[in-house]
Amino acid sequence: MNRKAVYAGSFDPITKGHLDIVRRALGVFHEIVVAVAHNPATETGLFTAAERVAMVTEALADVHDRVTVDAFDGLLVHYCDRINADAIIRGLRAVSDFEYEFQMAMMNRHLNSHVETYFMTASEAYFYTASRLVKEVASLGGDVSGLVPPVVHRALVAKFPRART
Ligand code: ADP
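The structure contained in this document is the topic of the report that follows. (Residues numbered from 1 in each chain as written. Predicted model: local features only at pLDDT ≥ 70, side-chain atom pairs only at ≥ 80, totals over all residues. Heavy atoms only, no water.)

1. A closer look at the packing of aromatic side chains
Tallied over the full model, the rule gives 5 aromatic pairs. Seen from their ring centres, Y7 and F11 are 5.2 Å apart, and the 70° between their planes marks the pair as edge-to-face. Accessibility classification places Y7 together with F11 in one group, the buried group. Measuring from centroid to centroid gives 5.3 Å for F29 and Y118, while their planes differ by 75°, and the two rings are edge-to-face. One end of the pair, F29, is in the loop between α1 (16–25) and β2 (31–37); the other, Y118, is in strand β5 (residues 116–121), and 89 residues separate them in sequence. (Phe/Tyr/Trp six-rings, centres within 6.5 Å; stacked < 30°, edge-to-face > 60°. Buried < 20%, exposed > 50% of the residue type's maximum accessible area, 1.4 Å probe, protein only. Helix = DSSP H or I, 4+ residues; strand = E, 2+ residues; numbered from the N terminus.)

Put into structure tokens, the structure is as follows:
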């Protein structure tokens, strides 16, 4: 029986697709660690790791008793060992995610056979929601308020004044 699962990603920024996966995963795992991946040497995201962690924390405040938010760098399987987690959650959208996610799952199994990868799908409402697209649309003045939590929408508007709706 798995108790602690890690949901890792860049979350730059977290979207309602990601949040949907976390909430579904809470129905399967006792504790979820949302792990924001970052490389301190090459911080290239729109938001810093600290900003991303803060936004995830606020968006999941109502389930904070079972969800913790952290940042990590290096190999995910090493991080899982450090925090004693035996499951990795990944979200799958279209077929296009599959090839990359399958490769990663196989590599992680090769590196640590004790950590199992679980794939979950979000609601169809978020099938096409991706952080990259959300940022692009917001930067061009499109309305993404339905695709991200309020804390992220405020942050996007602050970065891109055109994103205001
Ligand atoms: P992205 O920039 O593609 O949103 P992340 O690295 O932040 O990617 O995503 C972390 C995990 O969440 C990945 O497994 C990714 O496939 C998954 N994911 C991202 N958006 C969604 C969504 N809308 N529905 C389901 N899974 C998602």
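2. Some details on the pattern of salt bridges
In this structure the tally under the stated criterion is 10 salt bridges. As a salt-bridge pair, E101 and R90 come within 2.7 Å of each other at their nearest N and O atoms. Taken together, the residues E101 in helix α4 (residues 95–111) and R90 in strand β4 (residues 87–92) connect sequence positions 11 residues apart. Of the two residues, E101 and R90, both sit in the buried class. The network of salt bridges with common partners includes D12, R52 and K135. (Salt bridge = Lys/Arg side-chain N within 4 Å of Asp/Glu carboxyl O.)

3. Considering unusual backbone geometry
In the segment running from D12 into P13, the intervening peptide bond is cis, with an omega of 0°. Relative to the helices and strands, P13 is located in the loop between β1 (4–9) and α1. Of note, the phi angle at F11 is positive, near 45°, even though the residue is not glycine. Within the secondary structure, F11 is located in the loop between β1 and α1. The phi dihedral of N84 falls on the positive side, at around 65°, and the residue is not glycine. The topology assignment puts N84 in the loop between α3 (76–83) and β4. On the accessibility criterion, N84 (67% relative accessible area) is exposed.

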